[in-house]
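# Per-entry structural report
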Amino acid sequence: MTATGDGNNQSATVVFYKVRTIRYWGAFLDSSNTASWLQPITLGLFVIIYVMGMVGNSLSCAVMVFTPMKRHSFSVYIFFLSVSDTLVLNICLLRWLSYGFFLTGRPTPIRIDSFIRCKLIEYLPIVVTMISSWLIVLVCLERLVAVVTPFLAKQICRRRTSLIASCFVFGFCFTSTAYMAVCVGYDHVIHSCVFECDIDFATNFLVTSIIWQYLPMSIISVSNVCIIVVLCKSVRNSSKMGGAGGSKNEKSRQVTVMLLVTCIAFIIFIAPDTFLHIIYPTGDLENWFTIDEFLSLWWLLNYTVNLYLYAITGREVRESLKKMFQQILKRLFS
């Protein structure tokens, strides 16, 4: 759809384009949307978050591939989650590089000013963040199966099953949002990415948000409640039986707690920005930008802190990291 009609109608259409594209990733790259006093602060915070995320996700991949942690079925999900989180961080790096150029008074080379660039910048980030969300769902559902039906878990929670489920998530995320790659274009009149298909923008935004954020958050929340209830019962029963079950049950509980914390962290980091998206269209945009800047950084922590949560809550992860570093140092200095 393009800006057509008489002068009044065309003007109205252009204004509508600006409002409806403001939450797109292309608009996210626009440094002028942010108060100037905030930019040095948010840029500095992003550098810290980015470095922590790149280091953490890289170590997470290494631990799940090169240590005994790889024998667990959930290691497949965590490996792919670390990869997708790394991609999210590097996609967001484009925006903050634009910040850097803006602060130094130089024109940014990062321009969304063509048909192909609009399709890439609007489609790929949604797909990658959606993959991260649904991989967390798989982690949570696998733990739910392992806790609620431990006998079936031996047959279901396998690496092969994890690979199949991960491939299904990849296919689902790419195909369910494929219309974005077709419908997004570039309007040379308003110099912005626009939605060209004959689909209501509000409906598109709602459907995408449901698949991307609302549905994963709902599944994770319900699963977490079930896991917590079963864990509490298990701990009570174990204490009544004088700790019967041995170290095997204790190790399983530690893994469950580790992954449960990761799922809860996802909700904590995603929920504020999600709720802002719901009320954003009805608020004063200028007043929302300051809040949105910090919520965007808070949202970005979801793609940064997972390894640190694994290390804090998972003894096996700490031991695997320790052994991995010991082997690296031994090879370097032997």
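What counts, and where the lines are drawn
Within every chain, residues take consecutive numbers counted from 1 along the sequence as written. It should be noted that, the model being predicted, local features are given only for residues of pLDDT at least 70 and side-chain atom pairs only at 80 or more, the latter also being counted only at that level, while totals for whole chains, interfaces and linings use all residues. Just so you know, side-chain values use all the structure's heavy atoms and leave hydrogens and water out. Put simply, DSSP marks the helices as runs of H or I at least four residues long and the strands as runs of E at least two long, and each gets a number from the N terminus on. Burial classes: relative accessible area under 20% of the type maximum marks a residue as buried, over 50% as exposed, and values in between as partly exposed (1.4 Å probe, protein chains only). What pLDDT conveys is the predictor's confidence in a given residue, as a value from 0 to 100. Note on contacts: a residue pair qualifies if any of its non-hydrogen atoms lie within 4.5 Å across the two residues. Salt-bridge detection follows one rule: a side-chain nitrogen of Lys or Arg within 4 Å of a carboxyl oxygen of Asp or Glu. Angles here are taken between N-to-C directions and fall from 0 to 180 degrees, while the axes themselves are lines fitted to C-alpha atoms, restricted in helices to the stretch in contact. Angular relationships are summarised with four words: roughly parallel below 35 degrees, roughly antiparallel beyond 145, roughly perpendicular across 65 to 115, and oblique for the angles in between. Charged means Asp, Glu, Lys or Arg here, nonpolar means Ala, Val, Leu, Ile, Met, Phe, Trp, Tyr, Cys or Pro, and polar covers whatever is left, Gly included.

Structurally, the position occupied by Arg117 is in helix α5 (residues 115-148). For Arg117, a relative accessible area of 41% corresponds to the partly exposed category. Taking C-alpha positions, Arg117 is 8.6 Å from Tyr186, a pair spaced 69 residues apart along the chain.

Another aspect to go through is the confidence of the model for the chain. When pLDDT is averaged across the chain, the result is 77; 73% of the residues are at 70 or more. Contacts for the low-pLDDT stretch residues 1-32, under 50 throughout, to residues beyond four places or in other chains number 66 contacts. Within the model, pLDDT remains below 50 along residues 282-286, and this stretch shows three contacts once partners closer than five positions in the same chain are excluded.

Evaluated as defined, the whole model comprises two salt bridges. In this structure, the salt-bridge partner of Glu316 is Arg71, at a minimum N-O distance of 3.0 Å. Taken together, the positions of Glu316 in helix α13 (residues 315-333) and Arg71 in the loop between α3 (39-66) and α4 (74-103) put the pair 245 residues apart, joining distant regions of the chain. With a relative accessible area of 15%, Glu316 lands in the buried category.

This part takes up the packing of α3 against α13. To characterise two packed helices, one gives the angle between the axes of the helices and the distance between these axes. One way to put it is that α3 packs onto α13 with a least axis distance of 10 Å and a crossing angle of 90 degrees. The angle between the axes of α3 and α13 places the two elements in the roughly perpendicular class. When α3 is examined against α13, the residues Leu59, Ala62 and Val63 are found in contact with a partner set consisting of Ser320, Leu321, Met324 and Phe325. Taken together, the residues that form the contact of α3 with α13 break down as six nonpolar, one polar and no charged.

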